[in-house]
Amino acid sequence: MSFKKVIAISSVSIAAAGIFAGCSGGGDAKDVAGKYYIVSMEVEGNKINIKELAALSGQDTEKLYIELKEDGTGTYSFEDDVSEITWTKDEIKMGDESLKYTVKGKELVISQDGGSIKAEKK
């Protein structure tokens, strides 16, 4: 594996972990439920385009998603790291972390001080 690929994968993994470690409300379960593919991240003012990063590092963008099911459960997938989540109209819970989020149309945004994850429903 090339050095650039290791750096790219590590950077995105660290950024995603940081954002999920700390992150306004959604809407009705039927409106919010769905599979949102991560399209960009922002960490400390640096915007990361996921498609460009995936091309550089050989990642599969289809494995970078947040799925919210109508029953309040879901999945966060970041390549081979898949975590079960639960969610309400106000927050997404992953382990003991509660993350605030917004949904506008087909766009899901999870944010906290210094970072955000933007995902879009297909």
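See the structure shown above.
All values reported here derive from a predicted model rather than from experimental measurement.

So, on to the overall build of the protein chain. The helix and strand tally for the protein chain stands at three helices and nine strands. For the protein chain, the sequential pattern of α-helices and β-strands runs α-α-β-β-α-β-β-β-β-β-β-β. Counting over 122 residues, the protein chain shows a buried share of 38%. As presented, the protein chain carries roughly 6,900 Å² of accessible surface, and 48% of it is formed by carbon and sulfur atoms.

The next subject is the packing of aromatic side chains. Taken as a whole and judged by the stated rule, the model has two aromatic pairs. With 6.4 Å between their ring centres and 25 degrees between their planes, Y76 and F78 make a pair best called stacked. No difference in accessibility class separates Y76 from F78, as the two residues are buried. The aromatic ring of Y65 is capped on one face by K35, whose charged end is 4.2 Å from the ring centroid. Across the ring face of Y37, the terminal group of K122 is positioned such that the distance to the ring centre comes to 4.5 Å.

Phi is positive for E44, which is not a glycine, with a value near 50 degrees. Its location among the elements puts E44 in the loop between β1 (34–43) and β2 (46–49).

Here the focus is the pairing of β2. Pairing geometry for β1 and β2, over four bridges, is antiparallel. Bridge pairing links S40 to N49 in β2. Following β1, the chain reverses through two residues before pairing antiparallel with β2; E44 in that reversal takes a positive phi of roughly 50 degrees.

In this section: the side chain of S40. Checked against the element boundaries, S40 lands in strand β1. Its relative accessible area of 9% is what places S40 among the buried residues. What S40 contacts, discounting residues up to four positions off in sequence, is K47, I48, I50, S116, I117 and K118.

Below, the discussion takes up the pairing of strand β7 (residues 97–104). Pairing of strand β6 (residues 91–94) with β7 involves four bridges; the strand directions are antiparallel. Within the sheet, the bridge partner assigned to I92 lies in β7 and is L99. Bridge count for β7 against strand β8 (residues 107–112) is four bridges, and the pairing is antiparallel. Paired with V103 across the bridge in β8 is L108. Linking β7 to β8, which pair antiparallel, is a turn of two residues; within it G105 sits at a positive phi near 65 degrees.

Most often, soluble globular proteins keep nonpolar side chains buried together rather than apart. By size, the foremost hydrophobic cluster in this structure holds 24 residues, and its most contacted members are I38, L68 and Y101. Apart from residues lying up to four places away in sequence, L68 is in contact with V32, A33, G34, Y36, T73, I85, W87 and I92.

Let us now look at the pattern of salt bridges. Inspection of the entire model under this criterion finds two salt bridges. Notably, a salt bridge pairs K122 with E62, separated by 2.8 Å at the nearest N-O pair. Here the residue K122 occupies a position in the segment after β9 (115–121), and E62 occupies one in the loop between α3 (50–57) and β3 (64–68), the gap between them amounting to 60 residues. A residue is classified by how much of its surface remains accessible, and K122, at 67% relative accessible area, is exposed.

Each value, and the rule that gives it
- Residues numbered from 1 in each chain as written.
- Predicted model: local features only at pLDDT ≥ 70, side-chain atom pairs only at ≥ 80, totals over all residues.
- Heavy atoms only, no water.
- Helix = DSSP H or I, 4+ residues; strand = E, 2+ residues; numbered from the N terminus.
- Buried < 20%, exposed > 50% of the residue type's maximum accessible area, 1.4 Å probe, protein only.
- Areas by Shrake-Rupley, 256 points an atom, 1.4 Å probe, with all protein chains shown as cover.
- Phe/Tyr/Trp six-rings, centres within 6.5 Å; stacked < 30°, edge-to-face > 60°.
- Lys NZ or Arg CZ within 6 Å of the ring centre and 35° of its normal.
- Pairing = 2+ DSSP bridges.
- Contact = heavy atoms within 4.5 Å.
- Core = buried A, V, L, I, M, F, W, Y, C linked by side-chain atoms within 4.5 Å.
- Salt bridge = Lys/Arg side-chain N within 4 Å of Asp/Glu carboxyl O.

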